[in-house]
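Here's the letter readout for the chains.
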Amino acid sequence: IGEDLAGRLTGLRFDTSSATPDRWLRTREAAEYLAVSVSELHRLAAAGRIPHAQDGPGAALFFHPRELDAWRRGEA
């Protein structure tokens, strides 16, 4: 699913105005940044198919815009 989604996103333009290079995004912000649903982002993270950080099981997920950009380009 992750590779297929990344392929579909390649070449699309995204609104990056809410994301700065040094600011981590919460799940909803990351989903908006990637133009996917929150549930799709959760599935990708649970499968380990998208870069993310989490303090522990059941804790909030965080995503870094640079890592998401690299993932979208197929570099992550």
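1. Let's talk about the overall build of the protein chain
In step 1: What the protein chain contains, in helices and strands, is four helices and three strands.
In step 2: Reading the helices (α) and strands (β) of the protein chain from amino to carboxyl end gives α-β-α-α-β-β-α.
In step 3: Partitioning the intrachain contacts of the protein chain with sequence separation of at least 6 by distance along the chain shows that 55% fall at a separation of at least 24.
In step 4: On the protein chain, roughly 4800 Å² of surface is accessible, and the fraction owed to carbon and sulfur atoms is 50%.

2. Comments concerning the sheet that holds strand β3 (residues 61-63)
In step 1: The sheet built from three strands is open, its strands ordered β1-β3-β2 with antiparallel pairing. This sheet does not close on itself; its edge strands, each paired only once, are β1 (25-26) and β2 (53-54).
In step 2: The pairing of β2 with β3 spans two bridges and is classified as antiparallel. When the bridges of β3 are listed, Gln-54 appears paired with Leu-61.

3. Notes on unusual backbone geometry
In step 1: For Ala-35, which is not a glycine, the phi torsion comes out positive at approximately 60°.
In step 2: With respect to the element layout, Ala-35 can be found in the loop between α2 (27-34) and α3 (38-46).

4. Digging into the nonpolar core
In step 1: By size, the foremost hydrophobic cluster in this structure holds 14 residues, and its most contacted members are Ala-30, Leu-34, Leu-41, Ile-50, Phe-63 and Leu-68.
In step 2: The set of elements that each furnish at least two residues to this core consists of α2, α3, β3 and α4 (65-72).
In step 3: With four residues, the top contributor of residues to this core is α2.

5. What about the pattern of salt bridges?
In step 1: In this structure the tally under the stated criterion is four salt bridges.
In step 2: With a closest N to O distance of 2.4 Å, Glu-29 and Arg-23 form a salt bridge.
In step 3: A salt bridge links Arg-73 to Glu-75, with the nearest nitrogen and oxygen atoms 3.1 Å apart. We note that Arg-73, like Glu-75, is exposed.

How each quantity is defined
Residues numbered from 1 in each chain as written. Predicted model: local features only at pLDDT ≥ 70, side-chain atom pairs only at ≥ 80, totals over all residues. Heavy atoms only, no water. Helix = DSSP H or I, 4+ residues; strand = E, 2+ residues; numbered from the N terminus. Contact = heavy atoms within 4.5 Å. Areas by Shrake-Rupley, 256 points an atom, 1.4 Å probe, with all protein chains shown as cover. Pairing = 2+ DSSP bridges. Core = buried A, V, L, I, M, F, W, Y, C linked by side-chain atoms within 4.5 Å. Buried < 20%, exposed > 50% of the residue type's maximum accessible area, 1.4 Å probe, protein only. Salt bridge = Lys/Arg side-chain N within 4 Å of Asp/Glu carboxyl O.

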